[in-house]
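Geometric and topological summary
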Amino acid sequence: MVEAKIDTTNIRIGEQFNLKISVDETQNVIIPKLILKGLEIVDSTQVDTIKNSLIQKYILTGFDSGAFYIPQQQIFVKNQAYLTDSLLVNVATVAVDTTKVKKFPIKTIKSEPYTFDDYKIYIYIALAILAIIAFWIYWFVIRKRKEEVEAPTYRTLPPYEEAIIRLNELDEKLLWQNNKIKEYYSELTEIVRGYIERELNVPALENTTDNILEMLRDFKHAETITTSQETLDRLKSLLREADLVKFAKSKPMAIEIEDDRKDAEHIIGNLKPKPIIEEKEEDELE
């Protein structure tokens, strides 16, 4: 049913010979992978079908001298195992006539050519150094120069103009209309406090409502500010209302919020420092 043949049993080291495995069946045949010891497979062909038989050919060789067996190969035909014969192959060395071999002096060790791997560590180090140098140049030279060139200049607005602009911006945000009453009063009183701080040069943003009102009363009594008692009363009402909203979770009605907005603009327009009048003494000529 199965058969294994070789075209020679004696080869010299490195010579090639053929192994042919034949199976007298073409259906349900399994030829396992050829496993050898001492011999090597140079090439193999695909299984051929010839006269109702399967033929598998191999080209083998050997690089060690000695006698080597091609072991029995187990081949399955219709789920039944069949064994081929084991085959002996003798591998002989090639006789060398040393009297006819030309002798050459021993060569010195030849150095291997350099490759990228030999230099890559130095390349990486150089790239890292260049990157650091480029960063320092950018950070201390280019960036600084760019900031100096492109640094915009701003004109500081007078306290009144700045406060009016911020009030108009606050109106556009529609905070209290979207039920953000606490945020609205926080920003509204911050605008008024900021105006007082800039216009009167007092720390109004950091002080409490009572402290601000007490300072303004002192300024009015000392006649260092130009304002009316109505303006101070409106400021007191606005700051008290804001404190209730922020800390007591009070929710004023829409008309009250609009009135507070008008009071804020009234305060900004009517609370100013008293102008300083310089008196010049002139000698009267008689």
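Owing to the predicted nature of the structure, the values given are computational and were not obtained by experimental measurement. (Residues numbered from 1 in each chain as written. Predicted model: local features only at pLDDT ≥ 70, side-chain atom pairs only at ≥ 80, totals over all residues. Heavy atoms only, no water.)

1. Remarks on the overall build of the protein chain
On a plain count of helices and strands, the protein chain comes out with 6 helices and 13 strands. For 286 residues, the compact-globule estimate of 2.2 N^0.38 gives 19 Å, and the protein chain exceeds it by more than 25% at 53 Å. Across its three principal directions, the C-alpha atoms of the protein chain cover 150 × 65 × 30 Å. Buried residues in the protein chain amount to 27% of all 286 residues. Put simply, the protein chain shows about 21500 Å² of open surface, and 53% of that area lies on carbon and sulfur atoms. (Helix = DSSP H or I, 4+ residues; strand = E, 2+ residues; numbered from the N terminus. Rg over C-alpha atoms; globule rule 2.2 N^0.38 Å. Buried < 20%, exposed > 50% of the residue type's maximum accessible area, 1.4 Å probe, protein only. Areas by Shrake-Rupley, 256 points an atom, 1.4 Å probe, with all protein chains shown as cover.)

2. Points about the packing of helix H2 (residues 159–173) against helix H6 (residues 254–270)
Following both chains from N to C, one finds H2 and H6 inclined at 170°, their axes separated by 10 Å at the closest point. Classed by the angle they form, the pair H2 and H6 counts as roughly antiparallel. Across from Tyr-160, Ala-163, Ile-164, Leu-167, Asn-168 and Asp-171 in H2, the residues of H6 making contact are Arg-261, Ala-264, Glu-265, Ile-268 and Gly-269. (Axes fitted to C-alpha atoms, helices over the stretch in contact; angles between N-to-C directions. Parallel < 35°, antiparallel > 145°, perpendicular 65-115°, else oblique. Contact = heavy atoms within 4.5 Å.)

3. As for H2
Between its first and last C-alpha atoms H2 spans 21 Å; for 15 residues at 1.5 Å apiece the expected length is 21 Å, and the two agree. Every buried residue of H2 is listed here: Pro-159, Ala-163, Ile-164, Leu-167 and Leu-170. Along the axis of H2, the buried residues cluster in a sector spanning 130°; they form a single face. Tucked inside the fold, the buried residues of H2 contact helix H3 (181–200) and H6. (Expected span 1.5 Å × (residues − 1). Arc of directions from axis to C-beta.)

4. Some thoughts on the environment of Asp-210
Relative to the assigned elements, Asp-210 resides in helix H4 (residues 209–221). In sequence terms Asp-210 and Leu-239 are 29 residues apart; their C-alpha atoms lie 9.2 Å from each other.

5. Re the pattern of salt bridges
This structure, assessed with the given rule, holds 11 salt bridges. Put simply, Glu-25 and Lys-78 hold a salt bridge, and the shortest N to O gap is 3.9 Å. Of the two residues, Glu-25 is situated in the loop between strand S3 (16–23) and strand S4 (29–30) and Lys-78 in the loop between strand S9 (74–77) and strand S10 (80–83); the sequence distance between them amounts to 53 residues. A salt bridge links Glu-265 to Arg-261; the shortest N-O distance between them is 2.9 Å. Highlighted residues: Glu-265 and Arg-261, both in helix H6, separated by 4 residues, approximately one helical turn. Judged by its relative accessible area of 35%, Glu-265 is partly exposed. Connected via shared salt-bridge partners are Asp-171, Arg-261 and Glu-265. (Salt bridge = Lys/Arg side-chain N within 4 Å of Asp/Glu carboxyl O.)

6. So, the side chain of Glu-241
When you line up the elements, Glu-241 lands in helix H5 (residues 229–247). In this structure, Glu-241 is buried with no salt-bridge partner, the nearest side chain bearing the opposite charge being Arg-240 at 10 Å. Every residue in contact with Glu-241, bar those within four places of it in the chain, is listed here: Tyr-185, Ser-250, Pro-252 and Asp-260. (Lys, Arg positive; Asp, Glu negative; His and termini not counted.)

7. Notes on the packing of aromatic side chains
Scanning all chains against the criterion turns up 3 aromatic pairs. Seen in terms of ring centroids, Phe-135 and Trp-139 are 6.0 Å apart; in terms of plane orientation they differ by 20°. Their pairing is stacked. Note that Phe-135 and Trp-139 are positioned in helix H1 (residues 116–150) at a spacing of 4 residues, about one turn of the helix. Under the relative-accessibility criterion, Phe-135 is labelled partly exposed at 46%. With a relative accessible area of 37%, Trp-139 lands in the partly exposed category. Measuring from ring centre to ring centre gives 5.8 Å for Tyr-184 and Tyr-185, while their planes differ by 85°; the resulting arrangement is edge-to-face. (Phe/Tyr/Trp six-rings, centres within 6.5 Å; stacked < 30°, edge-to-face > 60°.)

8. Here's the deal with the nonpolar core
Judged by nonpolar contacts, the single largest core of 32 residues is most densely connected at Tyr-184, Tyr-185, Ile-196, Leu-216, Leu-235 and Leu-271. Mapped onto this core, the elements with two or more residues apiece are H2, H3, H4, H5 and H6. A total of 9 residues in this core trace back to one element, the largest contributor, which is H3. When residues no more than four places from it in sequence are discounted, the contact partners of Ile-196 are Asn-201, Val-202, Ala-204, Leu-216, Leu-235 and Leu-271. Counting residues in hydrophobic clusters, the runner-up holds 21 residues, among them Ala-4, Ile-21, Val-23 and Val-89. (Core = buried A, V, L, I, M, F, W, Y, C linked by side-chain atoms within 4.5 Å.)

9. Focus: the packing of H3 against H5
Closest axis-to-axis distance for the H3/H5 pair is 9 Å, and the angle between their directions is 145°. Like other packed secondary-structure pairs, H3 and H5 cross with a definite hand, here left-handed. For the pair H3 and H5, the contacting residues are Ile-181, Lys-182, Tyr-185, Ser-186, Leu-188, Thr-189, Val-192, Arg-193 and Ile-196 in the first and Leu-235, Leu-238, Leu-239, Glu-241, Ala-242, Val-245 and Lys-246 in the second. Along the lines of polarity and charge, the residues of the contact of H3 with H5 split into 10 nonpolar, 2 polar and 4 charged. (Left-handed = near helix turned anticlockwise from the far one by under 90°. Nonpolar A, V, L, I, M, F, W, Y, C, P; charged D, E, K, R; others polar.)

10. Section: the environment of Ser-250
For Ser-250, the location among the structural elements is in the loop between H5 and H6. Using a relative accessible area of 25% as the deciding quantity, one classes Ser-250 as partly exposed. With 214 residues separating them in the primary sequence, Ser-250 and Leu-36 have C-alpha atoms 95 Å apart.

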